[in-house]
Amino acid sequence: MLLLDDKNRAELWQTLTAEVENHLQQVEKLAVAPKTNVAEIRSRLAPIDFEKPLAPLFALDFAVKNLTEFQVHTTHPRYFGLFNPAPTAMSIAADTLVAAFNPQLAAWSHSPFAAEVERHLIRAFAVRFGYDEATADGTFCSGGAEANHTALVAALVHHFPMFESEGLRGLKKQPVFYVSPESHHSFIKAARFCGLGTNYVREIETDESFRMSLDNLTEQIKRDREGGFAPFFVVATAGTTNGGTIDNLTETADIAARENLWFHVDAAWGGAAVFVPELKTALDKIERADSITFDAHKWLSVPMGAGIFLTRHAEILSRACRVATDYMPRDAGSFGVTDSFVHSMQWSRRFIGLKVFLSLMVAGWEGYAEAIRHQTAMGEYLRRELEKNDWEIVNQTPLPVVCFRDRKFLESNQGDYLNAIAAELVSSGEAWISTTRMSGTVPVLRACITNYRTQEKDVKHLVAILCQAREYFSPTVSTVCPATAYSSLIR
Ligand SMILES: Cc1ncc(COP(=O)(O)O)c(C=O)c1O
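Note that the structure is a prediction, hence the values are computed from the model and not measured.

A closer look at the overall build of the chain
A tally of regular secondary structure across the chain gives 19 helices and 11 strands. In terms of overall dimensions, the chain has C-alpha extents of about 65 × 65 × 45 Å along its principal axes. Taking the contacts inside the chain whose residues are at least 6 apart along the sequence as the reference set, 73% of them involve residues at least 24 apart.

Shown next as structure tokens:
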């Protein structure tokens, strides 16, 4: 029953590949976002009580239909959203293979090929980021949040030898670390998970271009030292989630060196710029980072989750993650290799690297550089089209994310107006964009080119419907514009 018989299995695989191909070809014709209807979804699930076995093709069809109907289609070329990519064909094949072979990466000897593929990739990425291959190390993880958490643990272990055994209570001074309001909020969670407490995460104000203000950073470190705290970790972001801002890596590295702080660069999505010679300079000196977060499931367009933690401290992961057990295989030493379970937060671990490996094998660095160039060009095209139409670009970045507001809108606070526009665009199904606030204060619309299949026609369509929305919405948005009326207008 669990394996199915030969006939049912053959039908299942055939239908599955047909459905995958159909989705790739047809996604453009779908509404980008669903009509969210929790009651409808629950009513469809309610009869599935697992009491009576159902036919495999019925089950598959149930999943396909409901995924199609009830999902923001992040693989749609007019999904201009948070960085969720359209997966490469090779990565879809890889994840299927991984599910079938189910390699266990915890112990090297269980899956030597898989473990070596990941080691090979970690070295290749480390070199691309400018690390010395001989001393670089790293691990695949679930995503950027886990990589950032790993960086925080690594920094604690590195700075406070007592931390490993005694925890924070064994330290003489309270550790503090530095982020900006534009840093990813996974650091707040990581502070909680490490027992540091969020009061000891110092949010350093940004400057006028939304980069961490280095004067403020220096002053805060000084205040903290005088106040009896122990500064140990600073985060620069290379491509913020909000606006693609790249913090000043060189000067942050200088401050970190001077102040003896672990310097972490969160390059979860912007890190891919290092694969393109003309963009690479934007991340100049990233190799000075003690550790780097990079997500392959962002700009390398593989399915979630494929995070990567890189470090130039060869021994730090083994120090942070070491444990001794009798029940795990103990033969790694005789092969001169390291087991993943003593080198990563995760224990049982999926073969995350295969989707990256097969995609890179087939596209090569140059194939990826081309895709990244294309997306960057689409970002520039979007900027130009918006400016031509009197939208004001608020962020500055070489990366393809555009934060903007309406130059024609005369009231100083555009928050409600922009929210209404984004909500209407999303509910129309024509595109997905969002709103945010830069440094927590400046309301903007945000559109990011996340998909290598997005073309000029998609960008033009987005700008056209934004302009229609602007014509339709007046400053008294909520009273004048019933949602449904506008949605029917732009279809
Ligand atoms: C800069 C940055 N860091 C970290 C993360 C968290 O990554 P993940 O969602 O892969 O855990 C994100 C997610 O968007 C991000 O933009």
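A word on the sheet that holds strand 7 (residues 307-311)
Ordered by their spatial adjacency, seven strands build an open sheet running 1-7-6-5-4-2-3, and the pairing between neighbours is mixed. In this open sheet, the two edge strands, each paired with only one partner strand, are strand 1 (137-141) and strand 3 (201-203). Each strand of the sheet is rotated relative to its neighbour by a mean of 20°, with strand direction disregarded. Inspection of the sheet shows strand 2 (residues 175-179) paired to strand 4 (residues 230-237) by four bridges, in the parallel sense. Counterpart to proline 175 in the pairing with strand 4 is alanine 230. The strands touched by helix 5 (residues 112-128) within the sheet are strand 1, strand 6 (291-295) and strand 7, with strand 7 carrying the most contacts at an inclination of about 65°.

Digging into the sheet that holds strand 8 (residues 391-393)
Strand order in this open sheet of four strands is 8-9-11-10, and the pairing throughout is antiparallel. Looking at the sheet topology across the chains shown, the edges are occupied by strand 8 and strand 10 (434-438). Mean inter-strand twist for the sheet, computed between neighbouring axes without regard to direction, equals 45°. Relative to strand 11 (residues 442-448), strand 10 is paired through five bridges, and the arrangement is antiparallel. For serine 434, the partnering residue across the bridge sits in strand 11 and is arginine 446. Here helix 16 (residues 415-428) sits on the sheet in contact with strand 9 (401-406), strand 10 and strand 11, set at roughly 25° to strand 11.

As for the domain arrangement of the chain
Structurally, the chain comprises domain 1 (1-30 + 34-71), domain 2 (104-350) and domain 3 (364-490). A separation of 38 Å is found between the C-alpha centroids of domain 1 and domain 2.

Observations regarding the pairing of strand 7
The element strand 7 is extensively covered by neighbouring structure, given that five of its five residues are classed as buried. Alternating positions in strand 7 separate into two faces, Gly307, Phe309 and Thr311 on one and Ile308 and Leu310 on the other, with burial throughout. Pairing geometry for strand 1 and strand 7, over five bridges, is antiparallel. Within strand 7, the position partnered with threonine 139 by the bridge is phenylalanine 309. Bridge count between strand 6 and strand 7: five bridges; the pairing is antiparallel. In the sheet register, serine 291 faces strand 7, and the bridge partner there is threonine 311.

What about the nonpolar core?
One finds Phe80, Ile286, Leu310 and Ile421 to be the most contacted residues of the largest nonpolar core, which totals 124 residues. It is helix 15 (residues 353-388) that provides the largest number of residues to this core, a total of 11 residues. Structurally, this core is a two-domain feature, drawing no fewer than three residues from each of domain 2 (104-350) and domain 3 (364-490). Look past the residues within four positions of leucine 310 in its chain and what remains in contact with it is Ile122, Phe125, Ala126, Phe129, Tyr131, Ala136, Gly138, Ser291, Ile292 and Phe294.

Quick word on the packing of helix 16 against helix 17 (residues 456-472)
For the pair helix 16 and helix 17, the least separation of the axes is 10 Å and the interaxial angle reads 125°. Taken together, the axis directions place helix 16 and helix 17 in an arrangement best described as oblique. Helix-helix and strand crossings are classified by hand; for helix 16 and helix 17 the assignment is right-handed. Of the residues in helix 17, those touching helix 16 at Ile421, Glu424 and Leu425 are Ile465, Leu466 and Ala469. Broken down by class, the residue content of the contact of helix 16 with helix 17 amounts to five nonpolar, no polar and one charged.

Quick word on the site of the ligand
In the neighbourhood of the ligand, 15 residues make up the surrounding shell, with Gly143, Gly144, Ala145, His184 and Ala268 lying closest. In terms of residue count, the dominant contributor to the shell around the ligand is helix 6 (residues 144-159) (three residues).

Quick word on the packing of helix 15 against helix 17
One way to put it is that helix 15 packs onto helix 17 with a least axis distance of 10 Å and a crossing angle of 30°. Classified by the interaxial angle, the pair formed by helix 15 and helix 17 is roughly parallel. The interaxial crossing formed by helix 15 with helix 17 has right-handed handedness. On helix 17, the residues touching Met378, Tyr381, Leu382, Glu385 and Leu386 of helix 15 are Glu456, Val459, Lys460 and Val463. For the contact of helix 15 with helix 17, a count of residues per class yields six nonpolar, no polar and three charged.

Some thoughts on the environment of valine 362
Its location among the elements puts valine 362 in helix 15. For the pair valine 362 and alanine 46, spaced 316 residues apart in the sequence, the C-alpha separation amounts to 43 Å.

Let's talk about helix 5
Here helix 5 is 17 residues long and its end C-alpha atoms lie 24 Å apart, about the 24 Å a rise of 1.5 Å per residue gives. When helix 5 is considered as a whole, its buried residues turn out to be Ala114, Ala115, Val117, Glu118, Leu121, Ile122, Phe125 and Ala126. An end-on view of helix 5 places all buried positions within 165° of arc, on one side of the element. Residues of helix 5 that are exposed and angled more than 90 degrees away from the buried face: Phe113 and His120. Buried residues belonging to helix 5 abut strand 1, strand 6, strand 7 and helix 15.

Considerations on unusual backbone geometry
Between methionine 304 and the following residue, glycine 305, the backbone shows a cis peptide bond with an omega angle of -10°. One can find glycine 305 in the loop between helix 12 (296-299) and strand 7. Although it is not a glycine, asparagine 102 sits at a positive phi angle of roughly 45°. Tracing the backbone shows asparagine 102 in the loop between helix 4 (89-101) and helix 5.

The rules behind the values
Residues numbered from 1 in each chain as written. Predicted model: local features only at pLDDT ≥ 70, side-chain atom pairs only at ≥ 80, totals over all residues. Helix = DSSP H or I, 4+ residues; strand = E, 2+ residues; numbered from the N terminus. Contact = placed C-beta atoms within 7 Å. Pairing = 2+ DSSP bridges. Axes fitted to C-alpha atoms, helices over the stretch in contact; angles between N-to-C directions. Domains from an automatic or database assignment. Buried ≥ 20, exposed ≤ 12 C-beta atoms within 10 Å, placed from the backbone. Core = buried A, V, L, I, M, F, W, Y, C linked by C-beta atoms within 7 Å. Parallel < 35°, antiparallel > 145°, perpendicular 65-115°, else oblique. Left-handed = near helix turned anticlockwise from the far one by under 90°. Nonpolar A, V, L, I, M, F, W, Y, C, P; charged D, E, K, R; others polar. Near = placed C-beta within 6 Å. Expected span 1.5 Å × (residues − 1). Arc of directions from axis to C-beta.

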